[in-house]
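These are the residues of each chain, in order.
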Amino acid sequence: MVKDLNIAQDLTQDVLVKAFTKLNTFKGKSSFSTWLCQVTYTHCIDYIRKHKNIYTEELVEENYEELQGSDAGIDDIHEKILLEMKINRVKQILGELKAEERSLILMKYQDNMSIAELSETLKLGQSAIKMKLKRTRDKIRERYLEINPTAV
């Protein structure tokens, strides 16, 4: 998420300390790994938000340097930056989801798990998994349109 090994290591240590100090907030409503992923993700997103200017500048520089040597024009650079901004908005929305919803979406689309694998892992029927995925995708779409009313 932060694209820097040293910062990632620092964040990992911070997350472990945070998880240990907040262990009493784990209520067992979800699996421990889901709770730990939520703590980790939230901490990393908070870090990125605090350092938003640094990441925005890096994004512009990376895209400019990458496209500078190619035949791409300034419009291509802007398009790539806009795409990255959209991706960041979706990541923000994922951070706003309940841990269970976020885990489901990430397992499906990031880890490429099938409905059958999700069903087995989460101990739910396949139709329940499909419905949860649909509702979560709808929630993401609605939130995205709230943030970007002109998006289609």
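Peer 1: Looking at this structure, I do not really get the overall build of the protein. What am I missing?
Peer 2: Per the secondary structure count, the protein includes seven helices and zero strands. In the protein, the succession of helices and strands from N to C terminus is α-α-α-α-α-α-α. Looking at the protein residue by residue over its 152 residues, the buried ones come to 24%. Counting only contacts in the protein whose residues sit at least 6 apart along the sequence, the fraction spanning at least 24 positions is 53%. Of the roughly 10,900 Å² of accessible surface on the protein, 55% is carried by carbon and sulfur atoms.

Peer 1: Please clarify how helix α1 (residues 5-21) should be interpreted in this entry.
Peer 2: Residues lying three or four places apart along an α-helix face the same way, a consequence of the helix completing one turn every 3.6 residues. Under the 1.5 Å per step criterion, the end-to-end length of α1 is 24 Å for 17 residues, consistent within 8% with the ideal 24 Å. The complete set of buried residues in α1 reads Leu11, Val15 and Ala19. Considered in projection along α1, the buried side chains sweep an arc of 70° and stay on one side of the axis. Exposed side chains of α1 directed beyond 90 degrees from the buried face belong to Asn6, Gln13, Leu16, Phe20 and Thr21. Those residues of α1 that are buried are in contact with α2 (32-50).

Peer 1: Help me understand the pattern of salt bridges in this model?
Peer 2: Oppositely charged side chains can pair when the atoms bearing their charge come close. All told, the structure shown has six salt bridges when counted by the stated rule. Put simply, Arg143 and Glu146 hold a salt bridge, and the shortest N to O gap is 3.3 Å. You can see Arg143 and its partner Glu146 sitting in helix α7 (residues 126-147), three residues apart, about one turn around the helix. On the basis of relative accessibility, which here comes to 25%, the residue Arg143 falls in the partly exposed class. Put simply, Glu96, Arg143 and Glu146 are held in one network by salt bridges that share partners.

Peer 1: Hey, could you run me through the nonpolar core in this one?
Peer 2: One broad trend across soluble globular proteins is that nonpolar side chains are buried collectively. Grouped together as the largest cluster of nonpolar side chains are 15 residues, with contacts concentrated most on Leu94, Leu104, Ile105, Leu118, Ile129, Leu133 and Ile140. Among the secondary structure elements, those contributing two or more residues to this core are α2, α4 (74-96), α5 (99-110), α6 (115-122) and α7. Look past the residues within four positions of Ile129 in its chain and what remains in contact with it is Leu104, Ile115, Leu118, Ser119, Leu122 and Leu124.

Peer 1: So what exactly am I meant to see when it comes to the side chain of His43 here?
Peer 2: Here His43 shows up in helix α2. Here the side chain of His43 touches Lys18 through a polar contact of 3.4 Å, side chain to side chain. Not counting the four nearest positions on each side in its chain, His43 is found in contact with Leu11, Asp14, Val15 and Lys18.

Peer 1: In this structure, what is going on with the packing of aromatic side chains? I would like to understand it.
Peer 2: In this description, an aromatic ring pair is defined by two values, namely the gap between the centres and the angle between the planes. Considering all chains together, one arrives at three aromatic pairs under this definition. Ring geometry for Phe26 and Phe32: centres 5.4 Å apart, planes at 85°, overall edge-to-face. Classification of Phe32 by relative accessible area gives partly exposed; the value is 39%. Arranged with centres 5.5 Å apart and planes meeting at 35°, the rings of Phe32 and Trp35 form a pair that is tilted. Taken as a pair, Phe32 and Trp35 lie in helix α2 at a separation of three residues, close to a single helical turn. Judged by its relative accessible area of 11%, Trp35 is buried. Feature note: the residues Phe26, Phe32 and Trp35 constitute an aromatic cluster, connected by ring pairs.

How each quantity is defined
Residues numbered from 1 in each chain as written. Predicted model: local features only at pLDDT ≥ 70, side-chain atom pairs only at ≥ 80, totals over all residues. Heavy atoms only, no water. Helix = DSSP H or I, 4+ residues; strand = E, 2+ residues; numbered from the N terminus. Buried < 20%, exposed > 50% of the residue type's maximum accessible area, 1.4 Å probe, protein only. Contact = heavy atoms within 4.5 Å. Areas by Shrake-Rupley, 256 points an atom, 1.4 Å probe, with all protein chains shown as cover. Expected span 1.5 Å × (residues − 1). Arc of directions from axis to C-beta. Salt bridge = Lys/Arg side-chain N within 4 Å of Asp/Glu carboxyl O. Core = buried A, V, L, I, M, F, W, Y, C linked by side-chain atoms within 4.5 Å. Polar contact = N/O pair within 3.5 Å; in protein donor to acceptor, adjacent residues only side chain to side chain. Phe/Tyr/Trp six-rings, centres within 6.5 Å; stacked < 30°, edge-to-face > 60°.

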